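Single-letter residue listing:
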Amino acid sequence: MDEVRIDKWLWAVRVFKTRTIASDACKKGRVLIDNVSVKPSRMIRAGDIVQVRKPPITFSFKVLDLSDKRMGAKLVPQFMENVTPPEQYEILELNKISGFVDRQRGTGRPTKKERRDLDQFADMFDFDEP
């Protein structure tokens, strides 16, 4: 197998749960090869670097081998290598720590649990001291 469609490969190596979701991500410009967004029908080869934007971070994968059949999670490392820079994971950690500070518009007031979490987070910083 020389080439495989990008949407099939992303689905096969379990980056996306369904091929439809993988195809939609390509159509929305969230899948990049060489910093260029690609269509779902784009053929990829071994050695390509594929970037997948899943807000808030962008994952990068190196294509080691090709497959158009979905595989078990244990086999995935034979087909791709995660080359995502550590800074991206730091962004993810910061988002987890910040909790709901970046609240979606229109989600209403914070719940009691969210309010307590926010207070606990705010207590780590001394806002009162000049």
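What counts, and at which threshold
- Residues numbered from 1 in each chain as written.
- Predicted model: local features only at pLDDT ≥ 70, side-chain atom pairs only at ≥ 80, totals over all residues.
- Heavy atoms only, no water.
- Pairing = 2+ DSSP bridges.
- Helix = DSSP H or I, 4+ residues; strand = E, 2+ residues; numbered from the N terminus.
- Core = buried A, V, L, I, M, F, W, Y, C linked by side-chain atoms within 4.5 Å.
- Buried < 20%, exposed > 50% of the residue type's maximum accessible area, 1.4 Å probe, protein only.
- Contact = heavy atoms within 4.5 Å.
- Phe/Tyr/Trp six-rings, centres within 6.5 Å; stacked < 30°, edge-to-face > 60°.

A. Structural context of the sheet that holds strand β7 (residues 80-82). Spatially, five strands are ordered β3-β2-β5-β6-β7 in an open sheet, and the strand pairing comes out antiparallel. With one partner strand each, in any of the chains shown, β3 (36-37) and β7 form the two edges of the open sheet. Where strand β2 (residues 31-33) and β3 come together, two bridges link them in antiparallel fashion. Bridge pairing in β3 places L32 opposite S37.

B. Quick look at the nonpolar core. In terms of nonpolar packing, the biggest core is built from 25 residues, with I6, W9, L10, V13, V15, V31 and V50 touching the most fellow members. Elements represented by at least two residues in this core include exactly α1 (6-12), α2 (19-27), β2, β5 (49-54), β6 (57-63) and α3 (76-79). When residues in this core are grouped by element, the largest group, four residues, is from β6. Those residues within four positions of V15 in sequence are excluded, and the remaining contacts are L10, V52, K54, F61 and M80.

C. Representation of the packing of aromatic side chains. Per the stated rule, a full pass over the model turns up two aromatic pairs. Ring geometry for F59 and F61: centres 6.2 Å apart, planes at 10 degrees, overall stacked. F61 matches F59 in its accessibility class, with the two residues each being buried. Aromatic side chains F59 and Y89 sit 6.3 Å apart centroid to centroid with 65 degrees between the ring planes, which places their arrangement in the edge-to-face category. One end of the pair, F59, is in strand β6; the other, Y89, is in helix α4 (residues 86-98), with 30 residues separating them in the sequence.

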